[in-house]
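# Report on the structure
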Amino acid sequence: MDNRQAIGSWLSGPRAAAEDMGVDFGYRGKRLGLPEEGPGAIAPTGRRLGAVFVDWGLCFLVASAFFADGNRQTAGNWALGIFFVLSVLTLGTVGFTPGKRVFRLQVVAVEGGRLPAGRVLLRSVLLCLGLPALIWDRDGRGLHDRLAKAVEVRI
């Protein structure tokens, strides 16, 4: 066997190489006991990104209108704080932000049900740091979700 095939190419990655060699990872969310499709399934990446952009846009508009006095840097700083508050309040009460609602997504605890307040706070802090959201596992959950024992699912 060619070593390049064993480690995968930079385009396909090691997961594709492992699958080519017969390893079965299953669908995203299988390890968590979630369905493959429909309500309760792992949220697709595109919807998650869309929800974040909607939420960030709303927060930036509020910051620009009420706190920034025309300064974009100030608006961005205020928007991050508003984004944090929005995330804590909405995820802690209804399980979704306005952007997640538009894209029909919800954040729930891995074991099922609503995410407890402490874990909502942890998830929101980590999400605002940015980096944890860029590190994903094979189920498509960011590090912020893994550490908060949360999963973002379709409604």
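In the block above lies the structure referred to throughout.
A few points on the structure. (Residues numbered from 1 in each chain as written. Predicted model: local features only at pLDDT ≥ 70, side-chain atom pairs only at ≥ 80, totals over all residues. Heavy atoms only, no water.)

Close approach of charged atoms allows side chains with opposite charge to pair. Counted according to the given criterion, the structure contains 11 salt bridges. E37 serves as the salt-bridge partner of R154, at 3.3 Å between the closest nitrogen and oxygen. A residue pair is termed long-range when its members are at least 10 positions apart, and R154 in strand β2 (residues 150–154) and E37 in the loop between α2 (13–20) and α3 (45–66) qualify at 117 residues. According to the relative accessible area criterion, E37 is exposed, its value standing at 55%. For E152, the salt bridge identified is with R48, shortest N-O distance 3.2 Å. Taken together, the positions of E152 in strand β2 and R48 in helix α3 put the pair 104 residues apart, joining distant regions of the chain. (Salt bridge = Lys/Arg side-chain N within 4 Å of Asp/Glu carboxyl O. Helix = DSSP H or I, 4+ residues; strand = E, 2+ residues; numbered from the N terminus. Buried < 20%, exposed > 50% of the residue type's maximum accessible area, 1.4 Å probe, protein only.)

Before going further, it helps to spend a moment on a nonpolar patch on the surface. Together, V54, L58, L61 and V102 make up an exposed nonpolar region whose accessible area comes to about 350 Å². In terms of residue count, the dominant contributor to the nonpolar patch is α3 (three residues). As for its position among the elements, L58 is in helix α3. Judged by relative accessible area, L58 falls into the partly exposed class, the value being 38%. (Patch = residues over 30% accessible without salt bridge, like charges linked within 9 Å, V, L, I, M, F, W, Y side chains within 5 Å. Areas by Shrake-Rupley, 256 points an atom, 1.4 Å probe, with all protein chains shown as cover.)

This paragraph deals with the pairing of strand β1 (residues 105–109). Looking along a regular strand, one sees the side chains alternate between the two faces of the sheet. The element β1 is extensively covered by neighbouring structure, given that four of its five residues are classed as buried. Where β1 and β2 come together, five bridges link them in antiparallel fashion. The partner of Q106 across the bridge, within β2, is V153. (Pairing = 2+ DSSP bridges.)

We now examine the side chain of D55. Structurally, D55 is set in helix α3. Here D55 occupies a buried position and makes no salt bridge, while the nearest side chain of opposite charge, K100, is found at 4.8 Å. Leave out the neighbours within four places in its chain, and D55 touches F83, L86, T97, P98, G99 and K100. (Lys, Arg positive; Asp, Glu negative; His and termini not counted. Contact = heavy atoms within 4.5 Å.)

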